[in-house]
Amino acid sequence: MNERVKTPEGRPYYKEIGTRPIRPDGVEKVTGSARFGDDFTLPGTLVGKILRSPHPHARLISVDTSNAKKIAGVKAIVTGSDFPDQPFAYTGPAVLERNMWHVTRNVIAREKVLYEGHAVAAVAAVDEKTASAALQAIAVEYEILPHVTTLDEALAPDAVLLFEDMITRGVEPAPEKPTNIARRANYEKGQIDTAWSSADLIVERSYETKPVHQGYIEPHACLAHYHPDGQADLYTSSQGHFQMRALTATLTGMRLTDIRAIPAEIGGGFGGKTVVYLEPLAMMLSKMSGFPVRMKMTRSEVFKASGPAAGTKARIKLGAKKNGTLVAAEVEMYYEAGAFPGSPFVNGVLCCVAPYTIPNVRLTGWDVVANRPKVAAYRAPGSPQSNFAFESTVDIVCKKLGLDPIAFRKMNAVQVGAELLGGRQLNHEGYLQLLEATERHPQYATELGPNQGRGFAAGYWPNAGGESGATVYVNADGTVNIATGSPDIGGSRASMAQMTAETLGISYDRVRSAVNDTTSVPFTHVTGGSRVTFATGKAVVAACETVIADLRARAAKIWDVDVDAVDWREGAAHPSSSNVGDFDPLTLGDLAARATETGGPIGSSGALNATGHAPGFSAALCDVEVDPETGHVKIIRFTVAQDAGVAIHPSYVEGQMQGAVVQGIGWALSEEYIYGPDGRLQNHGFLDYRMPVASDLPMIDPIVVEVPNPDHPFGVKGVAEAGMVTAMASVANAVADAVDRRMTSLPISPPKLAKEIAAGKAAM
Amino acid sequence: MQYSAPETIESALKLLESDDDARVMAGGTDLIVQMTSGMRSPSHVVDIKRIPELCGVVQTADGGWKIGAAVPGAELNEHVELKRDWPGFVEATDLIGSMQVQGRATPVGNLCNASPAGDAVPGMVAAGATVTVAGSNGFRDVAAHDVPAAPGRTNLEKNEFVIAVNLPPKPPNSGDAYLRFIPRTEMDIAVVGTGVFLAFGESGHVREARIALGAIAPTVVFCTEAADALIGSRLEEEAIEAAVLAARNACNPIDDKRGTAEFRVHTVGVLIKRSIAIATQRAKRQVGMD
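Residues numbered from 1 in each chain as written. Chains lettered and ligands numbered in written order. Predicted model: local features only at pLDDT ≥ 70, side-chain atom pairs only at ≥ 80, totals over all residues. Heavy atoms only, no water.

Trainee: Explain the overall build of chain A here, please?
Mentor: Assigned secondary structure in chain A consists of 22 helices and 32 strands. The C-alpha radius of gyration computed for chain A amounts to 27 Å, which stays within 12% of the reference 27 Å derived for 764 residues, consistent with globular compactness. Expressed along its principal axes, the backbone C-alpha trace of chain A runs to roughly 90 × 75 × 50 Å. Long-range contacts, defined here as pairs at least 24 residues apart, represent 78% of the contacts in chain A between residues at least 6 apart. Counting every atom, chain A has about 27,900 Å² of accessible surface; 52% of that belongs to carbon and sulfur. (Helix = DSSP H or I, 4+ residues; strand = E, 2+ residues; numbered from the N terminus. Rg over C-alpha atoms; globule rule 2.2 N^0.38 Å. Contact = heavy atoms within 4.5 Å. Areas by Shrake-Rupley, 256 points an atom, 1.4 Å probe, with all protein chains shown as cover.)

Trainee: Please explain the overall build of chain B as it appears in this structure.
Mentor: Counting secondary structure elements, chain B contains 11 helices and 14 strands. For 290 residues, the compact-globule estimate of 2.2 N^0.38 gives 19 Å, and chain B sits close to it at 19 Å. Considered along the principal axes of its C-alpha atoms, chain B spans approximately 55 × 45 × 35 Å. Within chain B, the fraction of its 290 residues that count as buried is 54%. Within chain B, residue pairs in contact and separated by at least 24 positions form 59% of the contacts whose partners lie at least 6 positions apart. (Buried < 20%, exposed > 50% of the residue type's maximum accessible area, 1.4 Å probe, protein only.)

Trainee: Where do I start with the domain arrangement of chain A in this structure?
Mentor: A common way to report how large an interface is uses the accessible area buried once the components associate. Residues and elements named next belong to chain A. What the domain assignment reports for chain A is domain 1 (5-34 + 465-610) and domain 2 (442-461 + 614-763). Once you take the C-alpha centre of each, domain 1 and domain 2 turn out to be 38 Å apart. Domain 1 puts 24 residues into the contact, and the matching count from domain 2 is 22 residues. Buried surface at the junction of domain 1 and domain 2, summed over both partners, amounts to about 1,800 Å²; 60% is from carbon and sulfur atoms. The largest contributions to the domain 1 side of the interface with domain 2 come from Arg20, Ser530 and Phe534, which together make up 32% of the buried area. Between Glu654 and Arg20 there is a salt bridge whose closest N-O contact spans 3.1 Å. Only α15 (492-504) and α16 (532-559) provide two or more residues apiece to the side of domain 1 that touches domain 2. Sorting elements by how many residues they give to the side of domain 1 that touches domain 2 places α15 first, with 6 residues. (Domains from an automatic or database assignment. Buried area = accessible area lost by both parts, 1.4 Å probe. Salt bridge = Lys/Arg side-chain N within 4 Å of Asp/Glu carboxyl O.)

Trainee: I keep staring at the interface of chain B and chain A and nothing clicks. Help me out?
Mentor: Taken together, the contact between chain B and chain A spans 20 residues of the former and 21 residues of the latter. Both faces considered, chain B and chain A share a buried interface measuring about 1,800 Å² in area, 52% of it formed by carbon and sulfur atoms. Summed over the three residues of chain B that lose the most area to chain A, namely Pro183, Arg184 and Lys257 of chain B, the buried surface amounts to 36% of that side. Inspection of the region where chain B meets chain A yields 6 salt bridges. Note that Arg258 of chain B is salt-bridged to Asp688 of chain A, the shortest N-O span being 2.6 Å. At the boundary of chain B and chain A, one finds 14 residue pairs in polar contact (both at pLDDT 80 or more). At 6 residues, the largest contribution of residues to the side of chain B that touches chain A is made by helix α11 (residues 261-287) of chain B. Looking at the side of chain B that touches chain A residue by residue, the class counts come to 8 nonpolar, 5 polar and 7 charged. (Polar contact = N/O pair within 3.5 Å; in protein donor to acceptor, adjacent residues only side chain to side chain. Nonpolar A, V, L, I, M, F, W, Y, C, P; charged D, E, K, R; others polar.)

Trainee: So what exactly am I meant to see when it comes to the sheet that holds strand β10 (residues 139-144) of chain A here?
Mentor: In a beta sheet, neighbouring strands pair by backbone hydrogen bonds and run either parallel or antiparallel. All names here are of chain A. Here 3 strands make up an open sheet; going across it, the order is β8-β4-β10 and the pairing antiparallel. Looking at strand neighbours, the two that pair on one side only are β8 (112-113) and β10, the edges of this open sheet. Taken together, the 6 bridges between strand β4 (residues 58-64) and β10 define a ladder with antiparallel strand orientation. By the bridge assignment, Arg59 is partnered in β10 with Glu143. (Pairing = 2+ DSSP bridges.)

Trainee: What's the story with the environment of Ala69 of chain B in this structure? I'm lost.
Mentor: Residues and elements named next belong to chain B. Residue placement: Ala69 occurs in the loop between β5 (65-68) and α3 (73-77). For the pair Ala69 and Ala26, spaced 43 residues apart in sequence, the C-alpha separation works out to 7.1 Å. Residue contacts for Ala69: discarding those within four places in its chain leaves Ala26, Ile48, Leu54, Thr106, Val108, Val162, Ile163 and Ala164.

Trainee: For this particular structure, what's the right way to read the sheet that holds strand β2 (residues 22-25) of chain B?
Mentor: Residue and element names in this part refer to chain B. The parallel open sheet is built from 3 strands, whose spatial order is β1-β3-β2. What marks the edges here is a single partner per strand, and that holds for β1 (2-4) and β2. With direction set aside, neighbouring strand axes in the sheet form an average angle of 20 degrees. Of the strand pairs in this sheet, β1 and strand β3 (residues 44-47) are connected by 3 bridges, and their pairing is parallel. (Axes fitted to C-alpha atoms, helices over the stretch in contact; angles between N-to-C directions.)

Here you go:
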């Protein structure tokens, strides 16, 4: 093992960890030679296109492809019946359930279409024009049904049902009548019903948020090539090519080993590329036509048919003592899952209370289907919505009691060792430290001008561990190759190389870091849950440690001593003491050069199911200026604090935090899916789906708090999601501070805010 | 689809006559987007950027300006004299799209695209612009606000096209301004736009006024009622409130994905006041009145 030098502050001294080297994939990305999902081509590649439903809800009576098949250049057409059906079964943990019966129907409709944009058929043809002509020639008979596109519509007593036999799960006894409510989750502690009497102040408010899209710049794209022997290649831009392989195999009836999934670069995912849309269709079209098939979505298709985040309705009730001690909290939230069950409602309700010590709590979450695209994960799935509602209510409590918002959070902070609802335990410090760091930030003391306001919010995201694999090879010239199965979204190639260099004791520039296909690295779960630097990092370090053991053994062989008498430090084998003998150190380069005579190639794999991940807490401090006449909100200052554990590559940690805040600001102020009464999406492009642009934003100041995670070799927690959790609430709290009116519905768009300000003036 | 890039106005007219489904393209920042998204599929695109007369900004003998139909926003924005005379119009044009779009997008194209929300349009209408239209019967001048007929449709005859926008000579003690409201800071479409032109008499009263409103009706509204409320006044609060009321009364907006009708009517008043203030400041700065 490396010997670590403790710094005066008690932290180990690192050579590579905590530095900011140039990313290994930087030149390719800057020069445009990096290959994304749509950049792969093979001889004879066909163009695949999808026929999508114009109706938000209809029974599919028939899909007649016979005329389309007659068009010259059309090589294959698939419909739902070309795919094996899947068993109806919910699998996986409660927070992340999946039902393949639903997944196959989302990829391509069978009995019904459930949203505008739902895939009905797919064609492969020699070119774009022929494929488009084929789509036109497919005759679909629909029996149009009434539709429900909002939570209120879906929950109405006489609402049309997406699934006529859906009985709400999680309710005892089970309801007799089917509804659009897929599932209920309920968590309780203490005596909530009697606790309210001990509160000096009770605040109860309702909130709503709209569905928003992840907004990745690269639309979904893939290339599938099914060979005559039943083997296939799948080029895919995703957050997990092992996941794409597994879903494609299941949905097309193939074996895992028969698909080689090759990861493309990925132009953003944010959770939305953990799910499958195109790959099974492209694979089946390739199988039927015998040619490679490339598919890509248009931006309009991305909006209409790929996963937004759930819209929500919330009711929050808080009880506090005069001194600010929280005594009771009740949270009830409805999450709109879209066309199929499976919104992140469980994590949603669990996360919002996690930063607090509250003796009496009741959490109820409802998963509701509606005629919209099925939601997908989006950066801390479920948590930003509940945080907005909960932290807005906390802000009201603070204002009513005249308490400083950070002092209030510190007073009520969750304690290390606490059992969190939902079965998690808080094992490490970090939350209090980030609250204190935010409190010390100069922004907190900056004086506000007219029409300006300041908002604070704190939040929680559990992060994830899970399965990861890595391989490490030492080359004859003393350079090192590492490969993982984690698509690199946030700079993970660099952080993997840094951890490799640190562990082996060599310099960063001797390590080449790659993301490899499913045949050349062990199984690796998706890049999601802020897990890669933690879990895949652990696999990389495990592989490096096996290599170090091997290098020590080779040095022992050369010196003819016992392996225990060989230490590894600073990139070289050393005798563990002068008693062992007077040997010059053997560097990694020396041993690499002598690999042939000492046992052959040097390399190892690490494959593990990483446990011991630590949660990501965050805090946000937002200053706004409101134009009281137009309701326009300008963000003038923003500070975000997060406990990173240890920042392997601080620039990428800061980038994650800043990017998360930007997305949260968009969610808070301007982004929303707008449906017409016809159930069709009206703003399916970036012009009218209003994501913030650079000039809308101030420089976002990240505070990286580092309280190491003892369960990771370098102390990593996870940083990619928690920063998003608090952004919306901090903006809403700042607006409330500026205009003295509480906006309970996102986005805080100018029409809504101008109206609210006018109503406030009228009431005075 | 056929693409032509004629080098004279006459040959452009011939091409338009030869194909009923032909479409004129200047910068193409609307047309190409519409074609890509499947909204339009003309059989013939006639690109007018190679016609030399359409590519310049010239000052006319009377001190006005003639801006060729193929002149993009970026060029106007760098034209010091034009910007000095009509800063409101130039700023209105400059608000369209991004820097890249500015390299191509033209105010004439903005007018002929006939979107209710085009930013250059209220800017040029408030400036008192006319446009010169070429057709088989020769040339005619039309008030800019008479060009759009409905969203996506103009009053031009089938074989006509606009070759220039004409701005009058700038009167003494005058100034123009254009403001729009968007939820973001750029790369967005006006929810409301207001163009204001004011000229002051020597005694400080408003001698001449023009007000144009965008995105609050199917076409740009040339609001003489609002202007009349200001003419003769010294911009007393009552006069401004009367102009605001007249402008709000002239609105005929819709609720859509970009904003509610209620918000548009409200915001027209807010922006009119702010535009009046800027135009006034510009008029007074020229003569050192403040």
